[in-house]
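# Structural description and commentary
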Amino acid sequence: GLAVAVLLAAKAARLPLAAGAILLSPWVDLTDTTSESWTTNLPFDYLNPDIAQYFAEVVAGSRQMNDPLLSPLYGDLEGLPPLHIEVGECEVLLDQVQNFAAAARAAGVVVEEVVAQDMVHVFPLFTFAVNRRESPNIEPLLAFERIGRFAQRTAPGWPMMVQRCRSAATLS
């Protein structure tokens, strides 16, 4: 949810927004540790409600957990740039991510939402566990292909910008 919180803060400050955002299993509602996906997916996902509640309290500090800068689900999503969301079918955050995607669409935001079968929280980061020749499920790799296509469509100049940054870094 941090990427969306940054977009909401930038929008509130009338700053230019990013061309788009890529969200991997975004935690968009710190108040939620009891929705149905927390129960049905708890046996499969590694994120447990007690540690999530602890993290939420630490992150929130003295602020309310439904503050849109902590829980973007409660924010004014109108005017946000296109979003690409990757979420696992077997993750505990599934319900809140789907609720967020629906709220963003209702606010007029272009949303690409992928619910990846048999995957858990932040599954694209598990590419190290995929052997392309032996694994029947290469979903983490497919997620990066989808992310790359979204980035190329949303910010066509981004590969050139990355190259310019690399070139500038080598000159200094």
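Rules of the game
Residues numbered from 1 in each chain as written. Predicted model: local features only at pLDDT ≥ 70, side-chain atom pairs only at ≥ 80, totals over all residues. Heavy atoms only, no water. Helix = DSSP H or I, 4+ residues; strand = E, 2+ residues; numbered from the N terminus. Buried < 20%, exposed > 50% of the residue type's maximum accessible area, 1.4 Å probe, protein only. Contact = heavy atoms within 4.5 Å. Areas by Shrake-Rupley, 256 points an atom, 1.4 Å probe, with all protein chains shown as cover. Pairing = 2+ DSSP bridges. Axes fitted to C-alpha atoms, helices over the stretch in contact; angles between N-to-C directions. Phe/Tyr/Trp six-rings, centres within 6.5 Å; stacked < 30°, edge-to-face > 60°. Polar contact = N/O pair within 3.5 Å; in protein donor to acceptor, adjacent residues only side chain to side chain. Salt bridge = Lys/Arg side-chain N within 4 Å of Asp/Glu carboxyl O.

On to the overall build of the protein. Each helix and strand counted, the protein has six helices and three strands in total. The order of α-helices and β-strands along the protein, N terminus first, is α-β-α-α-β-α-β-α-α. Here the protein holds 172 residues, and the buried ones make up 39% of them. The long-range fraction of contacts in the protein, counting pairs at least 24 apart against all pairs at least 6 apart in sequence, stands at 71%. Here the protein displays about 9,800 Å² of accessible surface, and carbon together with sulfur accounts for 58% of that area.

Here we come to the sheet that holds strand 2 (residues 83-88). Taken in spatial order, the three strands make up an open sheet running 1-2-3, and their pairing is parallel. Because the sheet does not close on itself, it has two edges, and the strands there are strand 1 (21-24) and strand 3 (111-116). Within the sheet, the average angular offset between the axes of one strand and its neighbour, ignoring direction, is 10°. Relative to strand 3, strand 2 runs parallel, the two being bridged by six bridges.

To continue, consider helix 1 (residues 2-12). All of the buried residues along helix 1 are Val 4, Ala 5, Leu 7, Leu 8 and Ala 10. Where helix 1 is buried, its residues touch strand 1, strand 2 and helix 4 (94-106).

The next thing to look at is the packing of aromatic side chains. We describe a pair of aromatic rings using the distance from one ring centre to the other and the angle between the two ring planes. On inspection of all chains with the given rule, the structure shows two aromatic pairs. Their ring planes at 70° and their centres at 6.1 Å tell us that Tyr 46 and Phe 126 sit as a pair that is edge-to-face. Taken as a pair, Tyr 46 in the loop between helix 2 (36-40) and helix 3 (49-60) and Phe 126 in the loop between strand 3 and helix 5 (139-154) lie far apart in primary sequence, 80 residues in all. With a centroid separation of 5.9 Å and an interplanar angle of 50°, the aromatic rings of Tyr 54 and Phe 55 are classed as tilted. Under the relative-accessibility criterion, Phe 55 is labelled partly exposed at 39%.

Next up on the list: unusual backbone geometry. In this structure, Ser 25 takes a positive phi of about 45° despite not being glycine. Relative to the elements of secondary structure, Ser 25 occurs in the loop between strand 1 and helix 2. In this structure Ser 25 comes out as buried when scored by relative accessible area, which is 4%. We note that Val 122 has phi near 45°; this positive angle belongs to a residue other than glycine. Mapping Val 122 onto the fold places it in the loop between strand 3 and helix 5.

Position of His 84 relative to the elements: it lies in strand 2. According to the relative accessible area criterion, His 84 is buried, its value standing at 2%. Distance from His 84 to Glu 112, taken between C-alpha atoms, is 4.7 Å for residues 28 residues apart in sequence. Once you skip the residues sitting within four places of it in the chain, His 84 turns out to touch Ala 21, Ile 22, Leu 23, Glu 112, Val 114, Arg 146, Ile 147 and Phe 150. A distance of 2.8 Å separates the side chain of His 84 from the side chain of Glu 112, its partner in a polar contact.

This model, assessed by the stated rule, comprises six salt bridges. Note that Glu 112 and Arg 153 form a salt bridge whose closest N and O atoms lie 2.0 Å from each other. Placement of the pair is Glu 112 in strand 3 and Arg 153 in helix 5, with a sequence separation of 41 residues. Relative accessible area serves as the criterion here: at 26%, Glu 112 is assigned to the partly exposed category. What you see here is one network of salt bridges that share partners, running through Glu 86, Glu 139 and Arg 146.

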